[in-house]
Amino acid sequence: MGIVSKNKRNVKSKKTAKKKSSRYFEIPDLSNDPYILKKNEAAKAMLRKAGILSKD
Amino acid sequence: MLPERYEYRRARGYREYQFFSEGPKGKIRKLVIYSYLATEDGHAYYNLGFGDYDAVANELNDFAISNNLDRDKVLATVAATAEEFTRHYPGSRIVVKESTPARTRLYQMKIALHYSMIAEIFDIQCQTATGKSVPFRKGENYEGFIFERKA
C-alpha cells in the first residue's frame, strides 16, 4: 500500500514538472544572426550619437 | 481599453519571447529578443529585436512584411513583452532603433496613439537626427526611442 502511494506521488510530480516547463520555449541560437548583430550596432551608434555611450 | 494581443511564451531569463501571428497568410512565428548592449550610469541598455523567425535559415527577419492583417495585435504583443522584460530587469532601458524610416514612423504613430497608456508605465526618450534626447511629442520625427520603466 505504501509503495503504491509513493508511485502515485512520483507520477504526479512528473506531470507537474512537465506543465511548468511548457511555460517556456527553447530559443534558437541566434547569437550570430546578421539581422540582430546589425541592429545592435545601429542601436549602439544611436546611443553614441546621443552621448550615452562613449565613442570608443 | 487594452489593445488585443497574442499569448506569448518566453525563454528562461525573460529576454526572448515567442508568439504566432495568425491571419490570412497563415501562422507566422514571431520572436522578440532583448539583446544586451552596454551599461552606462547604472542602466543596462537592451536593444529590441523583433521579426519573423525563419526556421529553415535559422534567422530573424524584420524586413518581412507579413501582411497578416494583425499589425496592431502584433505590436500590442511586443509591448506586453517589454512590460514583462522591464519588470524582471529593473533599471534597464530598451533601445528601439528600427531598420527603416518607415518602420520608425509606424512606431511613432503607435506611440502617439497609445501615449497615455504607455506613459503610465514607461518614460520615453526620443533620439533626434542631431543626436539630442528629447521627450516624446506628437508629430515630431525621431531616429529611435529609449524606454525605461517608471519606478
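Structure shown above.
Attention here is on the structure that accompanies the text. The shown structure was predicted, so the numbers you read here are calculated from the model rather than taken from an experiment.

Each helix and strand counted, chain B has 3 helices and 9 strands in total. Mapped from its N terminus to its C terminus, chain B presents α and β elements in the order β-β-β-β-β-α-β-α-α-β-β-β. Each of the three principal axes of chain B carries a C-alpha extent, and together these read 40 × 35 × 30 Å. Buried positions account for 48% of the 151 residues belonging to chain B. Long-range contacts, defined as pairs at least 24 residues apart, comprise 54% of the intrachain contacts of chain B with a sequence gap of at least 6.

Residue and element names in this part refer to chain B. For the structure shown, the criterion picks out 13 aromatic pairs over all chains. Where Y142 meets F145, the ring centres are 6.0 Å apart and the plane angle is 70°; that geometry is what we call edge-to-face. Assessed through its relative accessible area of 8%, Y142 is described here as buried. With 6.5 Å between their ring centres and 45° between their planes, F145 and F147 make a pair best called tilted. Residue F147 is classed as buried on the basis of its relative accessible area, which comes to 12%. These aromatic residues form a ring-pair network of at least three members: Y8, Y17, Y34, Y36, Y46, F85 and Y89. Just above the ring of F20 sits the side chain of K27; from NZ or CZ to the centre is 5.0 Å. Lying over the aromatic face of Y6, K73 brings its terminal NZ or CZ to 4.3 Å of the ring centre.

Conventions used here
Residues numbered from 1 in each chain as written. Chains lettered and ligands numbered in written order. Predicted model: local features only at pLDDT ≥ 70, side-chain atom pairs only at ≥ 80, totals over all residues. Heavy atoms only, no water. Helix = DSSP H or I, 4+ residues; strand = E, 2+ residues; numbered from the N terminus. Buried < 20%, exposed > 50% of the residue type's maximum accessible area, 1.4 Å probe, protein only. Contact = heavy atoms within 4.5 Å. Phe/Tyr/Trp six-rings, centres within 6.5 Å; stacked < 30°, edge-to-face > 60°. Lys NZ or Arg CZ within 6 Å of the ring centre and 35° of its normal.

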